[in-house]
Amino acid sequence: MQLSYQVFDLPLKHTFTIAHQSRDIQDTLIVKLEENGVYGFGESTTNPFYGMTIENMTTVLERFRPVVESGNWNSPQELWELGREVFKENPFAQCALDMAAWDLFTKKQGKKLYEYLGLNPAKIPTTNFTIGIDTIEKMVSKMKEVDWPIYKIKLGTDNDLAIVRELRKHTNSIFRIDANCAWSADQAIRNSEELAKLGVEFMEQPLGKDDLEGMKEVFKYSKLPVMADESCIVESDVKKCHGLFHAINVKLVKAGGISPGLRMIHEAKSLGMKTMVGCMTESSVGITAIAHIAPLLDYVDMDGAMLLTKDPAKGVTITPEKVTFPEGPGIGAELV
């Protein structure tokens with residue numbers, strides 16, 4: 001068993017701005033696990049908001065290298081458990097490793113990941129396409145560049161409602177909005193009334209991740225369903241979100257990979273909550289992995305590779321009508 005990795009810069013088509021950061025280039029780490037000529041790829045992007053860098057991801061992977069290369073593990077879940085303590089402060093690195101392990105494991109089984117999980121790819125919900133914060137004119141322009149049935153609109157400005165009103169003039173598509181922790185409870189409740197009239201499906205993470213008292217009010221009085229993102233990072237957060245949010249957005253990189261992501265999705269479903277998996281502007285390696293588990297979901301946000309001017313990998317092809325997977329077993333993404 002051999003562990004290796006490569007670093008790539010992912011150039012974005014537009015400056016990507018959300019409530020707490022902007023970027024033009026996204027760094028990403030792609031991990032490769034190889035055994036007897038069979039290999040698997042996994043990915044995690046860096047993120048300054050969570051303190052995740054190429055340096056700290058590769059450092060913790062090197063610490064865990066002896067365990068990985070010993071081959072004394074039989075499944076991705078077993079490898080994940082072996083790394084639970086080592087990766088406790090760096091789930092992003094664990095995600096890249098876990099994803100590569102799933103790719104390798106299912107290739108050795110001779111099955112696509114979704115086949116191994118018993119999922120039907122015909123049940124994949126249509127991804128949204130994300131419109132980052134910008135001037136209203138540029139947000140309209142970005143939306144017109146890509147004709148899509150569902151847009152996720154990033155908010156957290158001084159003129160959020162004006163943005164949505166103007167965008168609504170140019171399309172009949174479904175809107176989802178994501179405030180990335182930028183609002184107060186009063187703002188969220190007040191905004192929900194207008195947003196509901198403007199064809200918004202739900203609000204994602206309107207308040208700061210720890211504002212649980214505020215979320216009780218929003219959950220009670222909002223005219224729209226609310227979805228947790230920053231409030232639901234790891235498995236123990238799912239239960240905490242019950243009764244405060246109608247749905248959770250699982251980010252595989254934040255959770256630590258596919259293994260915990262699947263557990264979070266099943267727990268949320270058992271609590272009667274809706275589920276989504278979101279992306280962190282990954283290449284086609286990470287996006288293809290998300291697509292394999294997407295039949296489990298009510299919603300999906302896997303447009304990351306669509307936001308890039310250059311993708312170092314190839315994998316799923318996504319249109320509003322369907323998702324086409326690469327041929328062959330495993331997750332199936334390849335570097336180009």
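Refer to the structure above for everything that follows.
No experiment lies behind these values; they were computed from the predicted model shown.

## Comments concerning the packing of helix α5 (residues 136-145) against helix α6 (residues 160-168)
Here is step 1 of the chain: Where α5 meets α6, the axes come as close as 10 Å, and the angle between the chain directions of the two elements is 40°. Accordingly, the angle class assigned to the pair α5 and α6 is oblique. Where α5 crosses over α6, the two elements pack in a sense that is right-handed. Where α5 approaches α6, its residues I136, M139, V140 and M143 are matched on the opposing element by A162, I163, E166 and L167.
Here is step 2 of the chain: Classifying every residue of the contact of α5 with α6 by side-chain character gives seven nonpolar, no polar and one charged.

## As for the environment of V60
Here is step 1 of the chain: Mapping V60 onto the fold places it in helix α1 (residues 54-70).
Here is step 2 of the chain: Along the chain, V60 and E43 lie 17 residues apart, while their C-alpha atoms are 15 Å from each other.
Here is step 3 of the chain: Setting aside residues no more than four positions away along its own chain, V60 makes contact with V86, F87, N90 and A93.

## Describing the pairing of strand β10 (residues 274-278)
Here is step 1 of the chain: Burial analysis of β10 places four of its five residues in the buried class, which makes it a mostly covered element.
Here is step 2 of the chain: Here strand β9 (residues 247-251) pairs with β10 via five bridges, running parallel. By the bridge assignment, I248 is partnered in β10 with T275.
Here is step 3 of the chain: The pairing of β10 with strand β11 (residues 299-301) spans three bridges and is classified as parallel. Opposite M276, over in β11, you have Y299 as the bridge partner.
Here is step 4 of the chain: For the crossover that starts at β10, traverses helix α12 (residues 284-293) and ends in the parallel β11, the hand is right-handed.

## A word on the sheet that holds β9
Strand pairing in a sheet relies on backbone hydrogen bonds. The paired strands run either parallel or antiparallel.
Here is step 1 of the chain: Spatially, eight strands are ordered β4-β5-β6-β7-β8-β9-β10-β11 in an open sheet, and the strand pairing comes out parallel. With one partner strand each, in any of the chains shown, β4 (129-131) and β11 form the two edges of the open sheet. Put simply, the sheet's adjacent strands are angled 25° from each other on average, direction ignored.
Here is step 2 of the chain: Relative to the sheet, helix α7 (residues 185-197) contacts β6 (174-178) and β7 (200-204), its axis offset from that of β7 by approximately 160°.
Here is step 3 of the chain: Those strands touched by helix α11 (residues 258-270) are β9 and β10, and its axis lies near 175° from that of β9.

## Structural notes on the pattern of salt bridges
Here is step 1 of the chain: Evaluation of the coordinates by the stated rule reveals 21 salt bridges.
Here is step 2 of the chain: When the shortest N-O distance is used, the salt bridge between E201 and R176 registers 2.7 Å. With E201 in strand β7 and R176 in strand β6, the pair connects residues that are 25 residues apart, well separated along the chain.
Here is step 3 of the chain: As a salt-bridge pair, E213 and K216 come within 3.1 Å of each other at their nearest N and O atoms. Of this pair, E213 and K216 both sit in helix α8 (residues 212-221), three residues apart, which is roughly one turn of the helix.
Here is step 4 of the chain: E213 gets classed as exposed once you look at its relative accessible area, which sits at 55%.
Here is step 5 of the chain: A relative accessible area of 42% places K216 in the partly exposed class.

Basis of the calculations
Every residue gets a number counted from 1 within its own chain, in the order that chain's sequence is written. Owing to the predicted nature of the model, reporting of local features is limited to residues with pLDDT of at least 70; listing and counting of side-chain atom pairs is limited to 80 or more, with chain, interface and lining totals taken over all residues. Just so you know, side-chain values use all the structure's heavy atoms and leave hydrogens and water out. Helix axes are fitted to C-alpha atoms over the stretch in contact, other axes to C-alpha atoms as well, and angles between N-to-C directions run from 0 to 180 degrees. Secondary structure elements are defined from DSSP: runs of H or I of at least 4 residues count as helices, runs of E of at least 2 residues count as strands, and each element is numbered from the N terminus. Here is the rule for angles: anything less than 35 degrees is roughly parallel, anything more than 145 is roughly antiparallel, 65 through 115 is roughly perpendicular, and the remaining ranges are oblique. Should the near helix be turned counterclockwise from the far one by less than a right angle, the crossing is left-handed, whereas a clockwise turn marks it as right-handed. Contacts are residue-level and defined by heavy atoms, with any inter-residue pair within 4.5 Å sufficient. Residues are sorted three ways: Asp, Glu, Lys and Arg are charged, Ala, Val, Leu, Ile, Met, Phe, Trp, Tyr, Cys and Pro are nonpolar, and all the rest, Gly among them, are polar. Only protein chains enter the accessibility calculation, which uses a 1.4 Å probe; a residue whose area is less than 20% of its type maximum is buried, one above 50% is exposed, and one in between is partly exposed. In this description, strands pair whenever DSSP reports at least two bridges between them. A clockwise course of the path from the first strand over the helix to the second, judged with the strands pointing away from the viewer, identifies a crossover as right-handed. Any Lys or Arg side-chain nitrogen located within 4 Å of an Asp or Glu carboxyl oxygen qualifies as a salt bridge.

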